[in-house]
Amino acid sequence: MTYWEPQSETLSRSELTRLQFDRLGKTLERAAKSPYYAEVFKRHNIEPGSIRGLDDLRRIPFTTKEDLRNHFPYGLLTTPIKEIVRLHCSSGTTGNPIVVFYNQHDLAAWANLVARSMFAAGVRDTDVFQNICGYGLFTGGLGFQYGAERLGALTIPAGAGNSKRQIKLMQDFGTTVIHTIPSYLMRFRAVFDEMCLDPCKHTKLRIILTGAEPHSEETRQRVQKLFGVKAFNSYGLSEMNGPGVAFECEHQTGMHVWEDSYILEVVDPDTLEPVEPGKTGELVFTTLTREAQPILRYRTRDLTRVIPGDCPCGRTHARIDRIQGRSDDMFIIKGVNVFPIQIERILMSMPEVGNDYLIVLDTVKGADEVSVQVEVRPETFTGSMDALEKLRQRIVRDLHDEILVTPKVELVEPDSLPKSEGKAVRVKDLRNKGCLSQQ
Ligand code: COA
Ligand code: AMP
Ligand code: ZN
């Protein structure tokens with residue numbers, strides 16, 4: 001059995017726990033330097049030095065997306081900007097985005113975790129790695145890029161989109177490993193067919209790394225059949241660096257959470273109490289090695305469970321099951337996170353728009369699609385089709401600027417959308433039955 005870091009990946013449980021609390025102590029000291037945590041510690045009467053175990057850690061309140069938004073942009077920083085070398089942030093033109101800062105140490109540690117993850121899935125320095133993923137502010141782009149470079153693979157920073165060119169790159173350079181989101185893999189395979197190519201015969205592909213959105217085991221099996229190679233699940237979130245938080249090893253029996261870098265808790269999303277071992281709940285993470293912006297007890301809103309027992313690979317770090325869904329209303333489309341409120345804010349800022357709208361997520365010819373049905377105001381019906389079309393186009397443009405994917409927009413008559421009793425249903429997810437519902 002080979003590991004990227006044999007010692008760190010196979011620590012005994014007691015060694016891992018000791019390391020975690022040693023690192024937690026340093027993390028808390030650093031966190032106290034940020035205006036946000038200094039205030040939290042003061043308000044809750046917490047001396048960083050007094051936190052000595054998981055029970056003590058629970059004295060620290062959870063950190064939420066709202067906390068990050070409310071202390072935008074620099075409230076969680078522990079160092080002067082001079083030491084910060086990069087930020088990543090969420091999409092959106094309305095409201096504050098979630099922003100994550102890294103110093104040199106954080107970037108190096110993150111790249112190492114991604115390298116460790118890729119190695120666990122079987123990627124080696126002899127591989128040619130094509131990253132079919134959004135670069136820029138998405139963490140999946142640069143995160144995998146630097147991780148793969150750290151591993152020593154030849155990297156092709158292909159970015160998202162333009163499937164035919166992706167296939168050409170794969171053929172030209174003999175790509176052996178790709179990383180992309182599961183829903184795009186279906187569309188990607190269809191393009192091979194359109195080009196009368198078979199990835200099994202006409203490429204050197206041997207490994208697929210895929211994640212960033214919920215998908216079922218059935219979807220994985222389908223992907224593996226369509227491409228004739230193994231596909232490994234990759235989990236991460238920007239608040240915890242990005243990819244490289246948890247990753248499947250060659251045994252594909254759940255994702256190892258790198259517990260030397262994150263403390264994992266699983267809580268009931270309603271009571272916020274720990275669930276029984278092995279039961280499904282919401283993942284909560286505390287960073288252990290981040291310097292610029294440590295985050296304590298972060299509520300991810302992602303639901304899954306810790307898989308009991310040991311992994312045959314010999315890695316001792318806990319494994320989590322596939323993400324089952326979310327405890328909030330965020331949905332992920334084409335690898336981009338969207339909150340319905342983002343769409344609502346744009347629509348409700350337009351005087352021509354009525355009170356109701358419906359977001360429909362669907363799979364069309366193998367690709368994810370988001371469409372929005374928008375009620376217009378009675379006064380908006382002036383008899384001019386041209387004016388309505390201009391309004392429609394403006395909505396498409398403004399929504400695209402906000403959520404980064406291009407929605408289909410359909411204007412509908414006032415009061416024509418079905419009204420539900422009780423809480424309005426704003427999102428209908430009709431995507432592939434193979435994929436898990438995110439409702
Ligand atoms: N990754 C790679 N390619 C993607 C994709 C994704 N997540 N989502 C869509 N695409 C492809 C489409 O199939 C299409 O390719 P084609 O031209 O060969 O048909 C092309 O990108 C454009 O997609 P389309 O749906 O027409 O455009 P859009 O305006 O809705 O925006 C993206 C699509 C790709 C620009 C946008 O969704 C994006 O940036 N996604 C990347 C998200 C990401 O990488 N997240 C991090 C994952 S770790
Ligand atoms: P981002 O912060 O943009 O990187 O998005 C992080 C979110 O993407 C997570 O909180 C999850 O909801 C989702 N996500 C990431 N990886 C996976 C995965 N392997 N399976 C399911 N959802 C995932
Ligand atoms: Zn394993």
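Structure shown above.
Residues numbered from 1 in each chain as written. Chains lettered and ligands numbered in written order. Predicted model: local features only at pLDDT ≥ 70, side-chain atom pairs only at ≥ 80, totals over all residues. Heavy atoms only, no water.

### Quick word on the overall build of the protein chain
Next, step 1: Counting its regular elements, the protein chain contains 13 helices and 21 strands.
Next, step 2: Here the C-alpha radius of gyration of the protein chain, 23 Å, is about what a compact globule of 439 residues would show, namely 22 Å.
Next, step 3: Principal-axis analysis of the C-alpha atoms places the extent of the protein chain at approximately 75 × 60 × 45 Å.
Next, step 4: Burial status across the protein chain gives 54% buried among its 439 residues. (Helix = DSSP H or I, 4+ residues; strand = E, 2+ residues; numbered from the N terminus. Rg over C-alpha atoms; globule rule 2.2 N^0.38 Å. Buried < 20%, exposed > 50% of the residue type's maximum accessible area, 1.4 Å probe, protein only.)

### Observations concerning the site of ligand 1
Next, step 1: Around ligand 1 there are 21 residues in total, and Gly-134, Ser-163, Arg-187, Lys-334 and Thr-406 lie nearest to it.
Next, step 2: Within the contact set of ligand 1, an oxygen atom lies 2.6 Å away from a backbone nitrogen or oxygen of Gly-134.
Next, step 3: Within the side chain of Lys-334, an N or O atom sits 2.5 Å from an oxygen atom of ligand 1.
Next, step 4: Protein contacts shield 73% of the accessible area of ligand 1, which totals 870 Å² for the unbound molecule.
Next, step 5: Contributing elements (two or more residues each) for the shell around ligand 1: β5 (177–180) and α9 (182–194).
Next, step 6: Per-class residue counts for the shell around ligand 1 are ten nonpolar, nine polar and two charged. (Near = heavy atom within 4 Å. Polar contact = N/O pair within 3.5 Å; in protein donor to acceptor, adjacent residues only side chain to side chain. Areas by Shrake-Rupley, 256 points an atom, 1.4 Å probe, with all protein chains shown as cover. Nonpolar A, V, L, I, M, F, W, Y, C, P; charged D, E, K, R; others polar.)

### Focus: the coordination of the zinc ion (ligand 3)
For a metal bound by four donors in a tetrahedral arrangement, the ideal donor-metal-donor angle is 109.5 degrees, while six donors in an octahedral arrangement ideally sit at 90 or 180 degrees.
Next, step 1: Only Cys-249 (SG), His-256 (NE2), Cys-311 (SG) and Cys-313 (SG) from the protein reach the zinc ion (ligand 3) as donors, at distances of 2.1 to 2.3 Å.
Next, step 2: Given four donor atoms and angles of 102 to 117° at the metal, the environment of the zinc ion (ligand 3) is assigned as tetrahedral.
Next, step 3: On the basis of relative accessible area, Cys-313 is assigned to the buried category, the value being 1%. (Donors = N, O, S within 2.8 Å, 3.2 Å for Na, K, Ca; no water. Tetrahedral: all angles 85-135°; square planar, octahedral: opposite > 155°, others 65-115°.)

### Some details on unusual backbone geometry
Next, step 1: At the junction of Phe-72 and Pro-73, the peptide bond is cis and its omega measures out at -5° in the coordinates.
Next, step 2: One can find Pro-73 in the loop between α5 (65–70) and β1 (84–89).
Next, step 3: If you check the backbone angles, Asn-45 has positive phi at about 55° while not being a glycine.
Next, step 4: Tracing the backbone shows Asn-45 in the loop between α3 (35–43) and α4 (54–57).
Next, step 5: By relative accessible area, Asn-45 is classed as exposed at 68%.

### Brief notes about helix α13 (residues 385–403)
Next, step 1: Taking 1.5 Å of rise per residue, the 19 residues of α13 would be expected to cover 27 Å, and the 27 Å separating its terminal C-alpha atoms lies within 8% of that figure.
Next, step 2: The first or second residue beyond α13 is Leu-404, which carries a positive phi of 75°. (Expected span 1.5 Å × (residues − 1).)

### Quick word on the site of ligand 2
Next, step 1: Not every one of the 18 residues close to ligand 2 is listed here, only the nearest: Asn-233, Ser-234, Ser-238, Asp-302 and Asn-337.
Next, step 2: Note that a nitrogen atom of ligand 2 is positioned 3.5 Å from one of the backbone N or O atoms of Pro-214.
Next, step 3: The contact in question runs from an oxygen atom of ligand 2 to an N or O atom on the side chain of Asp-302, over 2.6 Å.
Next, step 4: Across the complex, the protein chains shield 89% of the 500 Å² of accessible surface that ligand 2 would expose by itself.
Next, step 5: For the shell around ligand 2, the per-class residue count stands at seven nonpolar, seven polar and four charged.

### Considerations on the sheet that holds strand β18 (residues 353–364)
Next, step 1: What the four strands build is an open sheet, ordered β20-β19-β18-β21; its pairing is mixed. What marks the edges here is a single partner per strand, and that holds for β20 (408–412) and β21 (427–429). Taken pair by pair, the neighbouring strands of this sheet meet at an average axis angle of 20°, ignoring direction.
Next, step 2: Inspection of the sheet shows β18 paired to strand β19 (residues 367–376) by nine bridges, in the antiparallel sense. Across the sheet, the residue bridging to Leu-358 is Gln-373, located in β19. (Pairing = 2+ DSSP bridges. Axes fitted to C-alpha atoms, helices over the stretch in contact; angles between N-to-C directions.)

### Overview of the pairing of strand β7 (residues 230–237)
Next, step 1: In terms of burial, β7 is a largely internal element, six of the eight residues being buried.
Next, step 2: Bridge count between strand β6 (residues 207–211) and β7: five bridges; the pairing is parallel. Across the sheet, the residue bridging to Ile-208 is Ala-231, located in β7.
Next, step 3: Taken together, β6, helix α11 (residues 217–227) and β7 constitute a β-α-β crossover, and its handedness is right-handed.
Next, step 4: Both β7 and strand β8 (residues 242–248) contribute to a ladder of three bridges, which runs antiparallel. Its bridge partner lying in β8, Ser-234 is registered against Phe-247.
Next, step 5: Linking two consecutive strands that pair antiparallel, namely β7 and β8, is a turn of four residues; a positive phi of about 100° is found at Asn-241 within it. (Right-handed = clockwise from strand over helix to strand, strands pointing away.)

### What to know about the nonpolar core
Next, step 1: Ranked by internal contacts, the top residues of the largest apolar core, which has 37 residues, are Tyr-37, Phe-41, Tyr-235 and Phe-285.
Next, step 2: The set of elements that each furnish at least two residues to this core consists of α2 (13–31), α3, β7, β8, β9 (255–257), β10 (262–267) and β11 (281–287).
Next, step 3: Once you skip the residues sitting within four places of it in the chain, Phe-41 turns out to touch Leu-28, Ala-31, Ala-32, Ile-46, Pro-48, Ile-60 and Leu-296.
Next, step 4: In terms of nonpolar packing, the next biggest core, distinct from the first, is built from 24 residues, Ile-333, Val-338, Leu-391 and Val-427 among them. (Core = buried A, V, L, I, M, F, W, Y, C linked by side-chain atoms within 4.5 Å. Contact = heavy atoms within 4.5 Å.)

### Focus: the side chain of Thr-203
Next, step 1: With respect to the helices, strands and loops of the structure, Thr-203 is situated in the loop between α10 (199–202) and β6.
Next, step 2: Thr-203 gets classed as buried once you look at its relative accessible area, which sits at 12%.
Next, step 3: A polar atom in the side chain of Thr-203 sits 2.6 Å from the backbone oxygen of Pro-199.

### Looking at the packing of α9 against α11
Next, step 1: Between α9 and α11, the shortest axis-to-axis distance is 10 Å and the interhelical angle comes to 25°. Here α9 is positioned roughly parallel relative to α11, judged by the angle of their axes. Here α9 runs over α11; the crossing is left-handed. Where α9 approaches α11, its residues Pro-182, Leu-185, Met-186, Phe-188, Arg-189 and Phe-192 are matched on the opposing element by Thr-219, Arg-222, Val-223, Leu-226 and Phe-227.
Next, step 2: Within the contact of α9 with α11, the residues separate by chemical class into eight nonpolar, one polar and two charged. (Parallel < 35°, antiparallel > 145°, perpendicular 65-115°, else oblique. Left-handed = near helix turned anticlockwise from the far one by under 90°.)

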